[in-house]
Amino acid sequence: MKFFNKKVMVALGLALSFVGFAQGQTKQGRKIDGVVGVVGDYIILESEIDKTLIELKAQRIPTGDLSRCDLFEKLLEDKLFAHQAVQDSLEVTDAEVTSFMNEQINRMVEDVGSIDKIIQFYNKKNEEELREALFEIVKQNKLTQNMQQHIVEKVTITPEEVRQFFNEIPKDQLPTVGDEVEIAEIVIKPEISKEQKQKVIDRLNEMKKDVLENGASFFSKAVLFTDDRGSASNGGFYSITKKSPFVKEFKEVAFNMAEGEISEPFESEYGYHIIYLEKIRGQHLDLRHILLKPKPTDAALEEAKKRAENIRTKIANKEITFAAAAASESDDKDTKQNGGIMKDPRSLDPRFELNNMEDRELYFLVSNLKEGEVSQVALKNDMQKQEKYYRIVTINKKYAEHKIDFAEDYTKVRNMALNKKQAEEVNKWVSRKVNDAYINIQGEFRNCTFRNNWLKK
């Protein structure tokens, strides 16, 4: 038996992630063809098992040793999480579900090119039918995620526990870390003139006036004009608390507003906003916002490119080190103070595994670079932030494929140890809750050997 048990991985493999739209779900009282299990108010369709396998593979979770019984048990767990979230009042509002669904649809559109391709993939007649089908799926997934996060939110791990975890791995089962690189970057953004900024502020003030004095729809204006692609299709809507991951400037304005008020234009790192506070629900604010980003002129873009090329020339001529140039010239506040060193957004590790890099533009920039070599100046069109800038990257160090090492790969080892501890906590929770929920299993799956007592024998 291998140390990294696949069944344990499934127990937490997607515990803190969004399980994709590929799952099918319905409630009691709807069509029941192909129902193979029921947990509380949630049913499991036989078709979901194959879709779950596709989803796990898409997230690079090993599936070679997983049987249909393993996949079915994972679905039982997901339904139990959602069921218990409702019981424990960890529910999400329809507005939150809609907002999250819109973000996911927008990301999929960016990936595949059009909403029509998504409609075709899910075999729906139109966008309205697609959204109706996805709403319940997203709501269940959000409930599942909320319950899982609630279970593990207090789980921590000490350095000694990490060391013990590593020492327990048999030497011949140490996982392999693929070729990695430590990347540093210098970001040069085009300067936005005062005139461009004022144009945006004036435009937001005009929108505010039109809503307040002429009864225009804030929703419609957000759909038509906002530069926040994640909320555009839902009229700029967000439901937030003080713990929501929004920038400080946004929350400071929002939590000092009265219900029904529209804010003055204010600036954040993303651009200029106005907020319409629709409703205050205890700790939650239901609001809409419009974001406008001042656009650089072509001349400003050209000037930024020249500035980046000049910096690159100085580095190449050894007039200045890359790290010193990043500290003095880079416009990326997150990396400039540490020599421009980037971190993998998923693991927060300063090493990027080449074969798993999500930023394909960055991959093509660094894949053929030698250690210490500086890339050419490249234009980055950040679709998510709706901005263009230039960047120069270098590889500080290359790490060849190797068996994981405690000291050299500590961040990875720590994440593995924490995931295992969280998985154990989730498994304990499931074992306790199985006895309390209504569970019904049909057909061939009654012959499965489960980790937990789903059959209540």
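Residues numbered from 1 in each chain as written. Predicted model: local features only at pLDDT ≥ 70, side-chain atom pairs only at ≥ 80, totals over all residues. Heavy atoms only, no water.

If you look the protein up in an unreviewed UniProt entry, it shows as PpiC domain-containing protein from Myroides odoratimimus CCUG 10230.

Caption draft 1: Focus on helix H15 (residues 410–433). Between its first and last C-alpha atoms H15 spans 35 Å; for 24 residues at 1.5 Å apiece the expected length is 34 Å, and the two agree. Residues of H15 that are buried: Lys 412, Val 413, Ala 417, Leu 418, Gln 422, Ala 423, Val 426, Asn 427, Trp 429 and Val 430. (Helix = DSSP H or I, 4+ residues; strand = E, 2+ residues; numbered from the N terminus. Expected span 1.5 Å × (residues − 1). Buried < 20%, exposed > 50% of the residue type's maximum accessible area, 1.4 Å probe, protein only.)

Caption draft 2: Quick peek at the packing of aromatic side chains. One pass over the full model with this rule turns up 10 aromatic pairs. A centroid spacing of 6.2 Å and a plane angle of 65° characterise the contact between Phe 250 and Phe 266, whose relative ring orientation is edge-to-face. Note that Phe 250 is positioned in helix H11 (residues 248–254) and Phe 266 in strand E6 (residues 266–268), a separation of 16 residues in sequence. Pair check on accessibility: Phe 250 and Phe 266 agree, each one buried. Look at Phe 406 and Tyr 410: their rings are 5.5 Å apart centre to centre, the planes differ by 90°, and that puts the pair in the edge-to-face class. For Phe 406, a relative accessible area of 25% puts it in the partly exposed group. Residue Tyr 410 is classed as partly exposed on the basis of its relative accessible area of 28%. Each residue in the set Tyr 238, Phe 246, Phe 250 and Phe 266 is aromatic and connected to the rest through ring pairs, giving one cluster. Against the face of Tyr 399 rests Arg 351, its NZ or CZ located 3.6 Å from the ring centre. It is Arg 360 that lies over the ring of Tyr 363; its NZ or CZ is 4.4 Å from the centre. (Phe/Tyr/Trp six-rings, centres within 6.5 Å; stacked < 30°, edge-to-face > 60°. Lys NZ or Arg CZ within 6 Å of the ring centre and 35° of its normal.)

Caption draft 3: Representation of the side chain of Thr 394. Considering the arrangement of structural elements, one finds Thr 394 in strand E11 (residues 387–399). A distance of 2.7 Å separates a polar atom in the side chain of Thr 394 from the backbone oxygen of Glu 373. Not counting chain neighbours up to four residues away, the residues in contact with Thr 394 comprise Glu 182, Ile 183, Ala 184, Phe 322, Leu 369, Gly 372, Glu 373 and Val 374. (Polar contact = N/O pair within 3.5 Å; in protein donor to acceptor, adjacent residues only side chain to side chain. Contact = heavy atoms within 4.5 Å.)

Caption draft 4: How the structure looks around unusual backbone geometry. The phi torsion at Ser 89 lies on the positive side, around 60°, for a residue other than glycine. Within the fold, Ser 89 resides in the loop between helix H3 (68–87) and helix H4 (94–112). Its relative accessible area of 63% is what places Ser 89 among the exposed residues. Phi at Lys 456 takes a positive value of approximately 50°, unusual for a residue other than glycine. Here Lys 456 lies in the segment after strand E13 (439–441). We classify Lys 456 as partly exposed; its relative accessible area is 37%.

Caption draft 5: Fine view of the nonpolar core. In terms of nonpolar packing, the biggest core is built from 44 residues, with Phe 72, Leu 76, Leu 80, Val 430, Ile 441, Phe 450 and Trp 454 touching the most fellow members. Listing elements by their share of this core, those giving two or more residues are strand E1 (35–39), strand E2 (42–45), helix H2 (47–58), H3, helix H6 (127–152), helix H7 (159–167), H15 and E13. No other element matches the 8 residues that H3 contributes to this core. Beyond its immediate stretch of four places on either side in the chain, Ile 441 contacts Val 36, Gly 37, Phe 72, Leu 76, Arg 446, Phe 450, Trp 454 and Leu 455. (Core = buried A, V, L, I, M, F, W, Y, C linked by side-chain atoms within 4.5 Å.)

Caption draft 6: The packing of helix H12 (residues 298–316) against helix H13 (residues 322–329), seen in detail. In the contact formed by H12 and H13, the axes pass within 10 Å of each other and the chain directions differ by 150°. The orientation of H12 with respect to H13, classified from their angle, is roughly antiparallel. Two packed elements cross with a definite hand, and for H12 against H13 that hand is right-handed. For the pair H12 and H13, the contacting residues are Arg 307, Ile 311 and Ile 315 in the first and Phe 322, Ala 325 and Glu 329 in the second. (Axes fitted to C-alpha atoms, helices over the stretch in contact; angles between N-to-C directions. Parallel < 35°, antiparallel > 145°, perpendicular 65-115°, else oblique. Left-handed = near helix turned anticlockwise from the far one by under 90°.)

Caption draft 7: View of the packing of H7 against H15. The contact between H7 and H15 brings their axes to 9 Å, and the two run at 90°. Relative to H15, H7 is oriented roughly perpendicular. Listed contacts from H15 to Pro 159, Glu 161, Val 162, Phe 165 and Phe 166 of H7 are Tyr 410, Val 413, Arg 414, Met 416, Ala 417, Lys 420 and Lys 421. When the residues that make up the contact of H7 with H15 are grouped by side-chain class, the tally is 8 nonpolar, no polar and 4 charged. (Nonpolar A, V, L, I, M, F, W, Y, C, P; charged D, E, K, R; others polar.)

Caption draft 8: Representation of the environment of Arg 307 within the structure. For Arg 307, the location among the structural elements is in helix H12. We classify Arg 307 as partly exposed; its relative accessible area is 30%. Each residue touching Arg 307, except ones within four places of it in the same chain, is listed here: Ile 188, Lys 189, Glu 329 and Asp 331.

Caption draft 9: View of the environment of Met 101. Along the chain, the position of Met 101 falls in helix H4. For Met 101 and Lys 139, which are 38 residues apart along the polypeptide, the C-alpha to C-alpha distance reads 8.7 Å. Ignoring anything within four residues of it in the chain, the contact list for Met 101 reads Arg 131, Leu 134, Phe 135 and Val 138.

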